Amino acid sequence: MKIVGIDEAGKGPVIGPMCIGGVRIDKSKSNALKNLGVADSKKLSPKKRVHLASQIKKYADDYFVFEVSPGQIDELRKLMTMNEIMVLGFGNVIENLPGDEIYVDAADVKEERFGKRLLEGYLKNHPDSVAPTIVSKHGADDLFPVVSAASIVAKVRRDELIEELKKDIGVDFGSGYPSDPKTKQFLKDWYDEHGSLPDIVRHSWKTAQNIVEK
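Being a predicted model, the structure only gives us computed values, none of them experimental.

### Looking at the sheet that holds strand E3 (residues 62-68)
Read across the open sheet, the five strands follow the order E3-E2-E1-E4-E5; overall the sheet is mixed. Either end of the sheet is taken by a strand with one partner, and the two such strands are E3 and strand E5 (133-137). Recorded for the sheet is a direction-independent mean angle of 15° between the axes of neighbouring strands. Of the pairings in the sheet, the one linking strand E4 (residues 101-105) to E5 comprises five bridges and is parallel in character. Considered in E5, the bridge of Val104 is made with Ser136.

What follows is the structure, given as structure tokens:
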């Protein structure tokens, strides 16, 4: 019996990609993840996350991270809502990490609706196969160790990509979240200097649009 956990990192930032992580493990081994001390990635220090991510990858049957660039997010938002983008992204991880039971951190105010949409997407792609059980919950990263593990793997990958972006443009822009003063100052300074925002920014975000409009 293979179980899969899926969670995202970077749904809300105005800078950088969104990473949707998946971890697959044999159900009999899921206690090993619990014993590692996995918890929701947001509650762990970056150093602890990096250490746990390498441990998780050793114990896991397999893992996968789907990366969605700022440009892809902007293009998709012209066609669909953020919730629909999340369904597509989580669905991509399910395609790459098939399992018997799939636990997801619901990216919709209605957790059941999110699970139902994922199941519909799976059945559309695999009409003749036995569908997995999909458990969609808010706070799944606190409830299920396999989702906590996916959350850590996703967050570590996004952190790596953010550090690479900072090196590429030669500026520390902070966390990339709209609430971060460092991020907001970076966007303002960059726009004042260049007259446009760089490709690492999600131009469809209100924070970015406000700077351009001003």
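### Structural notes on the domain arrangement of the protein chain
Looking at the assigned domains, one finds that the protein chain contains domain 1 (2-166) and domain 2 (169-213). The C-alpha centroid of domain 2 is placed 27 Å from the C-alpha centroid of domain 1. Taken together, the two surfaces of domain 1 and domain 2 that pack against each other cover about 1,600 Å², and 55% of this comes from carbon and sulfur. Viewed at the interface, domain 2 and domain 1 are joined by one salt bridge. A salt bridge links Lys166 to Asp172, with the shortest nitrogen-to-oxygen separation between them at 3.2 Å. Remark: the boundary between domain 1 and domain 2 carries 20 residue pairs in polar contact (both at pLDDT 80 or more). Among the elements of the structure, helix H3 (70-77) and helix H7 (145-169) are those that each provide at least two residues to the side of domain 1 that touches domain 2.

The rules behind these values
Residues numbered from 1 in each chain as written. Predicted model: local features only at pLDDT ≥ 70, side-chain atom pairs only at ≥ 80, totals over all residues. Heavy atoms only, no water. Pairing = 2+ DSSP bridges. Helix = DSSP H or I, 4+ residues; strand = E, 2+ residues; numbered from the N terminus. Axes fitted to C-alpha atoms, helices over the stretch in contact; angles between N-to-C directions. Domains from an automatic or database assignment. Buried area = accessible area lost by both parts, 1.4 Å probe. Salt bridge = Lys/Arg side-chain N within 4 Å of Asp/Glu carboxyl O. Polar contact = N/O pair within 3.5 Å; in protein donor to acceptor, adjacent residues only side chain to side chain.

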